[in-house]
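# Analysis of the macromolecular model
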Amino acid sequence: MQTDIDPRNLIGRKAFDRNGTKIGTVDEVYLDDATGVPEWAAIRTGLFSRDAFVPLEPSELIEGTLHVPFDRALIKDAPDFGVGRHLSPDQELQLYHHYGLDTAPPPSLPDHDFGKLAGSEEP
């Protein structure tokens, strides 16, 4: 998603799934703690329903509406953490896992000492 968009401008916008089916309306936007970049949107999925969290990174703002590249059923089945509270790192991981966006562990650094004897030095 475009990072230059003011997250306050997302609130109240209509949201659609990958097939163009209306999901609901953006209720809240959650920012990344470290970068301040909009990371999640809580979508009100119905008049008496709950908010469903959707990732903003693969989503797009097109002609004033939010388009989320996931099926409506998957979005509605997202873990429910309630709105108005901070998302914990564990909750974010659950959401990433739900959407199949698991982040890979960082690559391990090569072990330059592999095969050397402790205390030995290279010439």
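Notes on the structure in this doc start here. Since the model is a prediction, treat every value here as computed from it, not as a measurement. (Residues numbered from 1 in each chain as written. Predicted model: local features only at pLDDT ≥ 70, side-chain atom pairs only at ≥ 80, totals over all residues. Heavy atoms only, no water.)

A word on the side chain of Glu 39. With respect to the helices, strands and loops of the structure, Glu 39 is situated in strand β3 (residues 38-44). It is Arg 85 that comes nearest to the buried, bridge-free Glu 39 among opposite-charge side chains, at 16 Å. Ignoring anything within four residues of it in the chain, the contact list for Glu 39 reads Tyr 30, Leu 31, Asp 32, Val 54, Pro 55, Leu 56, Glu 57, Glu 92 and Tyr 96. (Helix = DSSP H or I, 4+ residues; strand = E, 2+ residues; numbered from the N terminus. Buried < 20%, exposed > 50% of the residue type's maximum accessible area, 1.4 Å probe, protein only. Lys, Arg positive; Asp, Glu negative; His and termini not counted. Salt bridge = Lys/Arg side-chain N within 4 Å of Asp/Glu carboxyl O. Contact = heavy atoms within 4.5 Å.)

Two strands in a sheet stick together by hydrogen bonds in their backbones, pointing the same way (parallel) or opposite ways (antiparallel). Taken together, six strands build an open sheet; the order of strands is β4-β3-β2-β1-β6-β5 and the sheet is mixed. Whereas interior strands pair on both sides, the edge strands pair on one side only; in this sheet they are β4 (51-55) and β5 (60-62). Going from strand to strand, the sheet's axes swing by 40° on average, the running direction of each strand aside. Note that strand β1 (residues 14-16) and strand β2 (residues 22-31) share three bridges and pair antiparallel. Bridged to Phe 16 within β2 is Lys 22. This element, helix α2 (residues 89-98), spans β3 and β4 of the sheet and lies at about 75° to β3. (Pairing = 2+ DSSP bridges. Axes fitted to C-alpha atoms, helices over the stretch in contact; angles between N-to-C directions.)

We now examine the pairing of β3. With six of its seven residues buried, β3 lies for the most part within the structure. As defined by bridge partners, β2 adjoins β3 across six bridges and the pair is classed as antiparallel. Opposite Leu 31, over in β3, you have Pro 38 as the bridge partner. Connecting β2 to the next strand, β3, in antiparallel fashion are six residues, including Gly 36 with a positive phi near 80°. Where β3 meets β4, five bridges bridge the pair, whose relative direction is antiparallel.

So, on to the packing of aromatic side chains. Under the defined criterion, the tally for this structure stands at four aromatic pairs. Summarising the aromatic geometry, the rings of Phe 70 and Tyr 99 are spaced 4.7 Å apart at their centres and angled 50° between planes, so their arrangement reads as tilted. Highlighted residues: Phe 70 in the loop between β6 (65-67) and α1 (72-76) and Tyr 99 in the segment after α2, separated in sequence by 29 residues. This pair shows no difference in class: Phe 70 is buried, exactly as Tyr 99 is. (Phe/Tyr/Trp six-rings, centres within 6.5 Å; stacked < 30°, edge-to-face > 60°.)

Ranked by internal contacts, the top residues of the largest apolar core, which has 24 residues, are Trp 40, Ile 43, Phe 53, Leu 66 and Ile 75. Elements represented by at least two residues in this core include exactly β2, β3, β4 and α2. In this view, Ile 43 contacts Ala 15, Ile 23, Gly 24, Thr 25, Val 26, Asp 27, Arg 50, Asp 51, Ala 52, Val 54 and Leu 66; residues no more than four positions away in its chain are not counted. (Core = buried A, V, L, I, M, F, W, Y, C linked by side-chain atoms within 4.5 Å.)

Turning our attention to α2. If you check which residues of α2 are buried, you get Gln 91, Glu 92, Leu 95 and Tyr 96. All buried residues of α2 lie within an arc of 140° about the axis, which places them on one face of the element. Projecting away from the buried face of α2 at angles above 90 degrees are the exposed residues Asp 90, Leu 93 and His 97. For α2, the elements touching its buried residues are β3 and β4. Directly after α2, the chain includes Gly 100, whose backbone phi takes a positive value near 70°. (Arc of directions from axis to C-beta.)

What is shown is where atoms sit, not what they do.
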